[in-house]
Amino acid sequence: MTILQPRRFAIRLAAACALAACAGGAFAQDTIKVANIQELSGTGATAGTNFRNGVELAIKEINASGGILGKKIESAISDTQSNPGVAKAMAAKAVDNGVIAVFGPGFSGSMIVSMAETRRGETPNFTGAEATAITAQGNPFVFRTSFSQVNAMPKLARYVAANLKAKTIAVIFVNNDFGKGGRDAFMKSAEANGIKIVADISTEPGQVDWSAPVLKAKQSNPDAVFVYTNEEESARALRELRKQGWSKPILGETVLPSQKVIELAGESANGILAHVGLTVDAPIPTMRAFRAKFEKEYKYIPDHNGIKGYTSVYMFKAGVEKAGKLDRIAIAKALHGLTIPVAKEPGVLMDVTIDDKGDLDRESFIVEVKNGKQEVKEILPALGKKQ
């Protein structure tokens, strides 16, 4: 017994030292381990694949230039299958494996349940999900790489009222966390700008038959139709609207004019107007350079999700460098209130400011789809600047 006691004490002491070294999320490791948790199959496959590719491209670039604080990033990729339960389990596994940051998931419903795990692990969690509830809960470890619905919809509503002079709008939305949050934010913003909602039409994720929703929208005789659904459903809605002879404005937010929707909808996408926080067609040198690099790497044109994934890694890099150490809590604190100028970090593509909730502010765009591609009609200032 007397011989074993010193050994047991040494083991306990080593364990205690290890725990102390890990306090606050600081790790002595050779690489920066992160998790890339995305919808790579199921209804979110288009968005998730783009986000994953954006993240991996940024990691490849950063590693090639020496890493962050002299350490290379090591990414573990997982597929949520577009299932919130699977997303939550993967986030829990990533946290238990001691990653420094988590990128994704992108579906709002999945993010809402999985971010409880990253909060438990005090792990910075970057997402392109747009539901208002994500940052409204006061989670100090969540950082959005897109506009929230609360920030995006007022920009669109102001443009519609001032430029299109629309007085009535029919709303078609998808019945999930993403769709309901966007529907609520748009309706509130529309009404604040003197626009009346004359039809409120709910549709289901993966909906195939769009004849009834479109007919209902038409029968309400609005000045315009606002479509807020996932990529595949948006394309089906556009084709059905054109099939039924709709010729008035079709409005949307980031998803509606995305490259995937344009490819699936074909000529039916021409003429749609939308507010987008990010577009590879923006007349900005850093954005054009990103598009060229992404196309070279993956052989297709990225959508907004690809940009979100790419910029999220550079936001993380800026947070680590501001913190000066690989400490998860310190990184999260450093990101809150941080302004990241392109002049200092070109990878963010546009000057961006992160607020105390993890939401961001930057310029955005009104785009119109012409001849199968987005064209920027107007650059809108950041909300922190005068409109």
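Residues numbered from 1 in each chain as written. Predicted model: local features only at pLDDT ≥ 70, side-chain atom pairs only at ≥ 80, totals over all residues. Heavy atoms only, no water.

**What about empty space enclosed by the protein?**
Part 1: Taken as a whole and assessed by the stated rule, the structure comprises 2 cavities of 30 Å³ or more.
Part 2: When its volume is computed, the largest cavity comes out at roughly 90 Å³.
Part 3: For the largest cavity, the lining is made up of 14 residues, of which Gln259, Thr279, Asp303, His304 and Gln374 are closest to its centre.
Part 4: For the lining of the largest cavity, the residue count by class is 6 nonpolar, 6 polar and 2 charged.
Part 5: Tallied by class, the residues present in the lining of the second largest cavity amount to 3 nonpolar, 4 polar and 3 charged. (1 Å grid on protein atoms, 1.4 Å probe; cavity = no way out; pocket = protein on both sides within 12 Å on 5 of 7 lines; lining within 4 Å. Points joined across faces, edges and corners; volume = space filled by probe spheres on them. Nonpolar A, V, L, I, M, F, W, Y, C, P; charged D, E, K, R; others polar.)

**Some points on the packing of helix 11 (residues 285-298) against helix 12 (residues 304-323)**
Part 1: It is at 11 Å that the axes of helix 11 and helix 12 come closest, and there the two elements cross at 100 degrees. Classified by the angle between their axes, helix 11 and helix 12 sit roughly perpendicular to one another. Contacts between helix 11 and helix 12 involve Met287, Phe290, Lys293 and Phe294 from the former and Gly306, Ile307 and Tyr310 from the latter. (Axes fitted to C-alpha atoms, helices over the stretch in contact; angles between N-to-C directions. Helix = DSSP H or I, 4+ residues; strand = E, 2+ residues; numbered from the N terminus. Parallel < 35°, antiparallel > 145°, perpendicular 65-115°, else oblique. Contact = heavy atoms within 4.5 Å.)

**Looking at the nonpolar core**
Part 1: Ranked by size, the top nonpolar core spans 50 residues in total, and within it Phe103 and Phe316 carry the most contacts.
Part 2: Broken down by element, the residue count for this core peaks at 8 residues, all from helix 12.
Part 3: One finds Met187, Phe226, Leu241 and Trp246 within the second-largest nonpolar core, a separate group that totals 43 residues. (Core = buried A, V, L, I, M, F, W, Y, C linked by side-chain atoms within 4.5 Å. Buried < 20%, exposed > 50% of the residue type's maximum accessible area, 1.4 Å probe, protein only.)

**Thoughts on the environment of Val99**
Part 1: Here Val99 is to be found in the loop between helix 3 (84-96) and strand 3 (101-103).
Part 2: Val99 sits 229 residues away from Arg328 along the chain, and the two C-alpha atoms are 9.1 Å apart.
Part 3: Not counting the four nearest positions on each side in its chain, Val99 is found in contact with Lys33, Val34, Ala35, Ala94, Thr123 and Arg328.

**Overview of the layout of surface pockets**
Part 1: In this structure, the largest pocket spans a volume of roughly 330 Å³.
Part 2: Gly106, Phe107, Ser108, Phe178 and Asn230 are, among the 23 residues lining the largest pocket, the residues nearest its centre.
Part 3: Going through the elements one at a time, helix 2 (45-64), helix 4 (108-120), helix 7 (177-192) and helix 12 are the ones with two or more residues in the lining of the largest pocket.
Part 4: Residue composition of the lining of the largest pocket, by class: 8 nonpolar, 11 polar and 4 charged.

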